[in-house]
Amino acid sequence: MKKDEKIIVGISIGDLNGIGAEIVIKTYEDPRSLELNTPVIFASAKTMQFFKNHFNSKINFYGIESPEKAVHGKVNVVNVWKEPVKIEFGTEDKKIGEYAIKSLEAATNALKEGTIDVLVTAPINKHNIQSETFNFPGHTDYLAKALNGKSLMFMVSDELRVGLLTDHVPLKDASETITEDLIKEKIATVTKSLKQDFGIRKPKIAVLAINPHAGDNGVIGNEDDVVLKPALEKIKKDGSLVYGPYSADSFFGSSTYRNFDAIIASYHDQGLIPFKTIAFGKGVNYTAGLDKVRTSPDHGTAYEIAGKGIADESSMKQAIVTAIEIFRKREEYNIYSKNPLKRLSR
């Protein structure tokens with residue numbers, strides 16, 4: 001793909017009773033958003049027309065039957081379903097969860113087939129999507145299976161990148177889940193992503209401790225001494241710039257994170273609370289470790305404000321921009337990896 005070619009951005013619409021459709025509409029109401037990408041929304045033209053009318057938007061949707069028929073300069077909508085959908089903003093609804101999965105599955109298939117270049121997912125409700133055929137805690141795990149990869153939740157912004165050793169795992173199970181093999185796998189995934197997706201040739205990575213104060217030499221648990229520290233020492237012998245484990249309580253408040261290209265937290269809230277405190281509205285959830293690019297906003301369905309027209313689309317906009325940037329970086333990385341002389345001749 002040439003640099004001036006528009007990237008086709010596939011968008012799964014998420015939970016229709018949440019703010020997903022609103023932030024998508026607000027993103028593409030600005031004509032400038034179509035200058036560098038061509039959106040393909042996986043929903044239905046009728047459903048998107050409902051949202052247009054509800055939010056008094058001037059956006060125009062272009063209905064298509066398949067992503068191959070997307071038209072540049074248009075906000076394309078693939079008709080994944082054609083029947084009318086009853087939408088009740090702010091309500092958790094099993095039927096609405098089914099539509100969210102229909103959208104996600106259609107968009108993922110298009111990503112696999114290459115009819116879209118990147119995937120951006122609007123927020124889902126993790127509870128109402130569960131069924132006998134869909135039993136995943138979220139997008140990340142579903143995409144790992146659908147795309148045959150080892151995914152990693154990687155929260156990224158201009159000033160901070162945070163990966164997780166364990167993501168949607170109950171806290172009581174997190175420490176038992178962390179093994180030497182898992183640590184090596186996740187650090188390898190983050191390292192590769194920093195190189196190929198963000199253009200960092202020799203990344204520096206910090207790892208946060210499992211226990212408070214890294215266990216205080218066994219006083220507050222021995223997982224850091226027995227599992228985490230030995231694993232990090234082995235990884236360092238390969239020449240990787242990996243440091244830690246750092247006590248998490250003061251790591252972000254002291255701005256120590258600014259010394260690293262990425263931070264790896266041991267469990268979900270340890271990493272996401274500081275990330276969302278520092279970068280909320282500007283952050284993006286990126287699924288690293290796959291051969292395809294998927295991003296999403298750093299927030300959920302926000303039922304409490306759904307339908308009110310006050311949702312902030314900043315994170316959705318940034319998710320689209322980040323997906324495009326990563327796609328371009330990967331293209332460059334692949335070119336230089338195949339022919340390193342190109343880098344030397346620049």
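Residues numbered from 1 in each chain as written. Predicted model: local features only at pLDDT ≥ 70, side-chain atom pairs only at ≥ 80, totals over all residues. Heavy atoms only, no water.

Draft legend 1. View of the overall build of the chain. Looking only at helices and strands, the chain features eleven helices and twelve strands. Its C-alpha radius of gyration of 21 Å places the chain within 12% of the 20 Å reference for a compact globule of 346 residues. Counting only C-alpha atoms and orienting by the principal axes, one finds that the chain spans roughly 60 × 55 × 35 Å. Here the chain holds 346 residues, and 53% of them are scored as buried. (Helix = DSSP H or I, 4+ residues; strand = E, 2+ residues; numbered from the N terminus. Rg over C-alpha atoms; globule rule 2.2 N^0.38 Å. Buried < 20%, exposed > 50% of the residue type's maximum accessible area, 1.4 Å probe, protein only.)

Draft legend 2. Representation of helix α1 (residues 20–29). Across the ten residues that make up α1, a large majority, eight, are buried. Within α1 the residues assigned to the buried category are Gly20, Ala21, Glu22, Ile23, Val24, Ile25, Thr27 and Tyr28.

Draft legend 3. Structural detail: the nonpolar core. In this structure, Ile41, Met48 and Phe154 are the most contacted members of the largest nonpolar core, which totals 65 residues. Counting residues per element, this core draws most heavily on helix α10 (residues 314–338), at seven residues. When residues no more than four places from it in sequence are discounted, the contact partners of Phe154 are Arg161, Val162, Gly163, Val190, Ser193, Leu194, Phe198, Ala262, Val284, Asn285, Tyr286 and Ala288. Listed in part, the 23 residues of the second largest apolar core include Ile64, Leu104, Leu143 and Leu290. (Core = buried A, V, L, I, M, F, W, Y, C linked by side-chain atoms within 4.5 Å. Contact = heavy atoms within 4.5 Å.)

Draft legend 4. Representation of the sheet that holds strand β10 (residues 262–265) within the structure. Spatially, twelve strands are ordered β3-β4-β2-β1-β5-β12-β11-β6-β7-β10-β8-β9 in an open sheet, and the strand pairing comes out mixed. Edge positions in the open sheet fall to β3 (61–64) and β9 (241–246), since each of these has one partner strand only. The mean angle between the axes of side-by-side strands here comes to 25 degrees, regardless of whether they run parallel or antiparallel. Here strand β6 (residues 152–156) pairs with strand β7 (residues 161–164) via three bridges, running antiparallel. Note on β7: the bridge partner recorded for Val156 is Arg161. Sheet contacts for helix α6 (residues 180–196): β6, β7, β8 (204–208), β9, β10 and β11 (284–288); angle to β6, the most-contacted strand, approximately 45 degrees. (Pairing = 2+ DSSP bridges. Axes fitted to C-alpha atoms, helices over the stretch in contact; angles between N-to-C directions.)

Draft legend 5. Region of the structure containing the packing of aromatic side chains. Applying the stated criterion across every chain yields a total of 16 aromatic pairs. With a centroid separation of 5.6 Å and 75 degrees between ring planes, the pair formed by Phe136 and Tyr142 is classed as edge-to-face. As far as burial versus exposure is concerned, Phe136 and Tyr142 are alike and both buried. By way of ring pairs, the aromatic residues Tyr243, Tyr246, Phe251, Phe252, Tyr257 and Phe260 are connected into one cluster. Note that Arg161 overlies the ring of Phe198, its terminal NZ or CZ placed 4.9 Å from the centroid. It is Lys204 that lies over the ring of Phe260; its NZ or CZ is 5.5 Å from the centre. (Phe/Tyr/Trp six-rings, centres within 6.5 Å; stacked < 30°, edge-to-face > 60°. Lys NZ or Arg CZ within 6 Å of the ring centre and 35° of its normal.)

Draft legend 6. Up close: the pairing of β10. Residues of β10 alternate between two faces, with Ala262 and Ile264 on one and Ile263 and Ala265 on the opposite face, all of them buried. Note that β7 and β10 share three bridges and pair parallel. Its bridge partner lying in β10, Val162 is registered against Ile263. Two elements, β8 and β10, share three bridges in a ladder whose sense is parallel.

Draft legend 7. Focus on the environment of Ile41. Examined against the element boundaries, Ile41 turns out to sit in strand β2 (residues 37–43). Ile41 sits in the buried class, given a relative accessible area of 0%. Sequence separation of Ile41 and Ala144 is 103 residues, and the distance between their C-alpha atoms is 22 Å. Not counting residues up to four positions away in its chain, the partners in contact with Ile41 are Ile11, Ile13, Val24, Met48, Phe61, Val75, Asn76, Val77 and Val78.

Draft legend 8. Structural detail: the pattern of salt bridges. One pass over the structure, following the stated rule, counts 16 salt bridges. Lys236 serves as the salt-bridge partner of Glu233, at 3.5 Å between the closest nitrogen and oxygen. Within this pair, Glu233 and its partner Lys236 are both found in helix α7 (residues 223–236), separated by three residues, close to a single helical turn. On the accessibility criterion, Glu233 (42% relative accessible area) is partly exposed. By relative accessible area, Lys236 is classed as partly exposed at 29%. Within this structure, Glu180, Lys184 and Lys234 form a network of salt bridges that share partners. (Salt bridge = Lys/Arg side-chain N within 4 Å of Asp/Glu carboxyl O.)

Draft legend 9. The pairing of β6, seen in detail. Summarising burial for β6: five of the five residues are buried, a large majority. The two faces of β6 match: Leu152, Phe154 and Val156 on one face and Met153 and Met155 on the other face are all buried. Of the strand pairs in this sheet, β6 and β11 are connected by five bridges, and their pairing is antiparallel. Bridged to Met153 within β11 is Thr287. Connecting β6 to the next strand, β7, in antiparallel fashion are four residues.

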